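Here are the chains, one letter per residue:
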Amino acid sequence: MQLIEEESSEIASSNRGPGRYAVFGQPIAHSLSPRIHAAFARQLSIAHDYRPIEASTEEFVGALAAFAESGGVGANVTLPLKQHAARLCLSISETARRADSVNTLVRRGEGWHGESTDGAGLIRDITGRQRLYVRGRRTLLLGAGGAARAVAFALLDAGIGELTIANRTAERADALADAIGQPERVHTRYWTDLGQWGGFDLVVNATSAGHANMSLALPTSLLASRAICYDLSYGKASFGFLAWARSAGAGHALDGLGMLVEQAAEAFEIWHGKRPETDAIYAELRAYLPGDAED
Ligand code: ATR
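Residues numbered from 1 in each chain as written. Predicted model: local features only at pLDDT ≥ 70, side-chain atom pairs only at ≥ 80, totals over all residues. Heavy atoms only, no water.

**Details of the overall build of the protein chain**
Phase 1 of the analysis: A count of helices and strands for the protein chain gives 11 helices and 13 strands.
Phase 2 of the analysis: Here the protein chain has a C-alpha radius of gyration of 19 Å; the compact-globule value for 295 residues is 19 Å, and the two agree.
Phase 3 of the analysis: C-alpha atoms of the protein chain, sized along the principal axes, occupy 55 × 45 × 30 Å.
Phase 4 of the analysis: Going through the 295 residues of the protein chain one by one, you find that 53% of them count as buried.
Phase 5 of the analysis: When contacts within the protein chain are restricted to residue pairs at least 6 apart in sequence, those whose partners lie at least 24 apart make up 71%.
Phase 6 of the analysis: Of the accessible surface of the protein chain, which amounts to about 13100 Å², a share of 51% is contributed by carbon and sulfur atoms.
Phase 7 of the analysis: Charged side chains in the protein chain number 28 positive and 34 negative. The centres of these two groups are separated by 3 Å. (Helix = DSSP H or I, 4+ residues; strand = E, 2+ residues; numbered from the N terminus. Rg over C-alpha atoms; globule rule 2.2 N^0.38 Å. Buried < 20%, exposed > 50% of the residue type's maximum accessible area, 1.4 Å probe, protein only. Contact = heavy atoms within 4.5 Å. Areas by Shrake-Rupley, 256 points an atom, 1.4 Å probe, with all protein chains shown as cover. Lys, Arg positive; Asp, Glu negative; His and termini not counted. Charge placed at Lys NZ, Arg CZ, Asp CG, Glu CD.)

**Overview of the sheet that holds strand β10 (residues 186–190)**
Phase 1 of the analysis: Strand order in this open sheet of 6 strands is β10-β9-β8-β11-β12-β13, and the pairing throughout is parallel. With partners counted over all chains shown, the strands left at the sheet margins are β10 and β13 (252–254), one partner each. Each neighbouring strand pair of the sheet contributes to a mean axis angle of 20°, computed without reference to strand direction.
Phase 2 of the analysis: Relative to β13, strand β12 (residues 223–231) runs parallel, the two sharing 3 bridges. By the bridge assignment, C229 is partnered in β13 with A253.
Phase 3 of the analysis: Contacts from helix α8 (residues 170–180) reach β8 (139–142), β9 (163–167) and β10 within the one sheet, and its direction differs from that of β9 by about 150°. (Pairing = 2+ DSSP bridges. Axes fitted to C-alpha atoms, helices over the stretch in contact; angles between N-to-C directions.)

**Focus on the site of the ligand**
Phase 1 of the analysis: Taken together, 15 residues lie near the ligand, and A147, N167, R168, T169 and R172 sit nearest.
Phase 2 of the analysis: Taking N167, its side chain carries an N or O atom lying 2.6 Å from an oxygen atom of the ligand.
Phase 3 of the analysis: Between the ligand and R168, the relevant distance is 2.9 Å, taken from an oxygen atom to a side-chain nitrogen or oxygen of the residue.
Phase 4 of the analysis: About the coverage of the ligand: the protein hides 79% of its 650 Å² of free accessible area.
Phase 5 of the analysis: Of the residues that constitute the shell around the ligand, the class distribution is 6 nonpolar, 7 polar and 2 charged. (Near = heavy atom within 4 Å. Polar contact = N/O pair within 3.5 Å; in protein donor to acceptor, adjacent residues only side chain to side chain. Nonpolar A, V, L, I, M, F, W, Y, C, P; charged D, E, K, R; others polar.)

**Remarks on helix α2 (residues 33–44)**
Phase 1 of the analysis: Here α2 contains 12 residues, and its C-alpha end-to-end distance of 17 Å stays within 8% of the 16 Å for a straight helix at 1.5 Å per residue.
Phase 2 of the analysis: Taken together, the buried positions of α2 are occupied by S33, P34, I36, H37, A39, F40 and A41.
Phase 3 of the analysis: Of the surrounding secondary structure, the elements contacted by the buried residues of α2 are β2 (20–25), β3 (49–54), β4 (72–77), α10 (257–272) and α11 (279–288).
Phase 4 of the analysis: Looking one or two residues past α2, S45 carries a phi angle of roughly 50°, positive in sign. (Expected span 1.5 Å × (residues − 1).)

**Remarks on the UniProt feature "domain: Shikimate dehydrogenase substrate binding N-terminal" (unreviewed entry) in the protein chain**
Phase 1 of the analysis: Mapped onto this structure's residue numbering, the UniProt feature "domain: Shikimate dehydrogenase substrate binding N-terminal" (unreviewed entry) falls at residues 23–105.
Phase 2 of the analysis: As annotated, residues 23–105 comprises 42% helix and 23% strand, and the C-alpha atoms at either end are separated by 10 Å. (UniProt positions renumbered as here; feature names shortened; annotations may be inferred.)

**Some thoughts on α8**
Phase 1 of the analysis: Those residues of α8 not exposed but buried are A170, A173, L176, A177 and I180. Buried residues in α8, looked at end-on, bunch into an arc of 125°, giving them a common side. Residues of α8 that are exposed and point more than 90 degrees away from the buried face comprise E171 and D178.
Phase 2 of the analysis: In this fold, the buried residues of α8 make contact with β8, α7 (146–157), β9 and β10.
Phase 3 of the analysis: Within two residues after α8, G181 carries a phi angle of roughly 70°, on the positive side. (Arc of directions from axis to C-beta.)

**Topic: the pairing of β9**
Phase 1 of the analysis: Of all 5 residues in β9, 5 are buried; the element is thus mostly enclosed.
Phase 2 of the analysis: Residue alternation in β9 divides its side chains into two sets, L163, I165 and N167 and T164 and A166, and both sets are buried.
Phase 3 of the analysis: In this sheet, β9 lies alongside β8 in parallel orientation, the contact comprising 4 bridges. Paired with L140 across the bridge in β9 is T164.
Phase 4 of the analysis: Handedness of the β8-α7-β9 crossover: right-handed.
Phase 5 of the analysis: Pairing geometry for β9 and β10, over 5 bridges, is parallel. Bridging across to β10, L163 finds its partner in V186.
Phase 6 of the analysis: Where the polypeptide runs from β9 across α8 and back to β10, its parallel neighbour, the crossover connection is right-handed. (Right-handed = clockwise from strand over helix to strand, strands pointing away.)

**A closer look at unusual backbone geometry**
Phase 1 of the analysis: Here the residue pair Q26 and P27 is connected by a cis peptide bond, since its omega of 0° sits within 30 degrees of zero.
Phase 2 of the analysis: Along the chain, P27 falls in the loop between β2 and α2.
Phase 3 of the analysis: Backbone torsion omega between L79 and P80 reads 0°, so that peptide bond is classified as cis.
Phase 4 of the analysis: Its location among the elements puts P80 in the loop between β4 and α4 (82–88).
Phase 5 of the analysis: The phi dihedral of R131 falls on the positive side, at around 55°, and the residue is not glycine.
Phase 6 of the analysis: In the Ramachandran plot, R226 falls in the positive-phi region, its phi being about 60° despite a non-glycine side chain.
Phase 7 of the analysis: By secondary structure assignment, the location of R226 is in strand β12.

Structure, rendered in structure tokens:
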């Protein structure tokens, strides 16, 4: 049976020292995580051998076992493996359990401990790097898949106001709202009815539509003045949503690059007990990515 517990410095300290680290996913070749972690390691002068490992859902269990065998002590997990990772951990943090998603693995004895740093990464990016408030914001979450689930709890914990969830498949939005279990604060709406709703101060796009180059066809009436629009994706996958956000009058149209860097910093701190500074690598990646994202 899986133990559930909050992440603690005890876990971090028991895993400090040399060892191998990796990011698992499919596809993984274009992952920015090795570059981010290399920058953190240089900055803090910490030995941190971190490599991408391509693995499908079928290959993941075997690939992770081989990684542990070869000295693997920590790993990130990205699409499509986050839910699978949550299933195979011996222990899991409360944050990861609620999100039903693990993006950070820590070797502990003969098994893996699972954490989810995506939600913390999102909140740190909005409130820390962008210096924007989320407290009390009337929030619309677009999507109800794994990414939406990973950030919904973090948004609520950060003190947003009402949360409305809209998903193309309405049943998934209802399932996420039920899992959250705060009916006075969390509501669902039919995607097709979004034109009737407006006044959102924060709109978070957690759909994967941009990756398939599909438009969300959102009404421009959704936003309150000076609203924040945030796409969990970055690069080309975020361009459509960000273009819509600007045309709808958003005060801030943000992509998920900052969240990517911040979730990586959270993972690095879990493994090494030291928190890297993130501004330099964020600026480097911002300059490197094809850009249309801006505040
Ligand atoms: P992830 O782990 O990236 O969240 P996922 O669990 O497959 O991936 O979820 C993808 C999300 O994007 C879902 O909310 C999906 O809506 P459905 O539940 O209806 O499938 C949403 N999505 C994908 N393509 C979309 C599109 N073209 N328009 C609207 N929503 C879309």
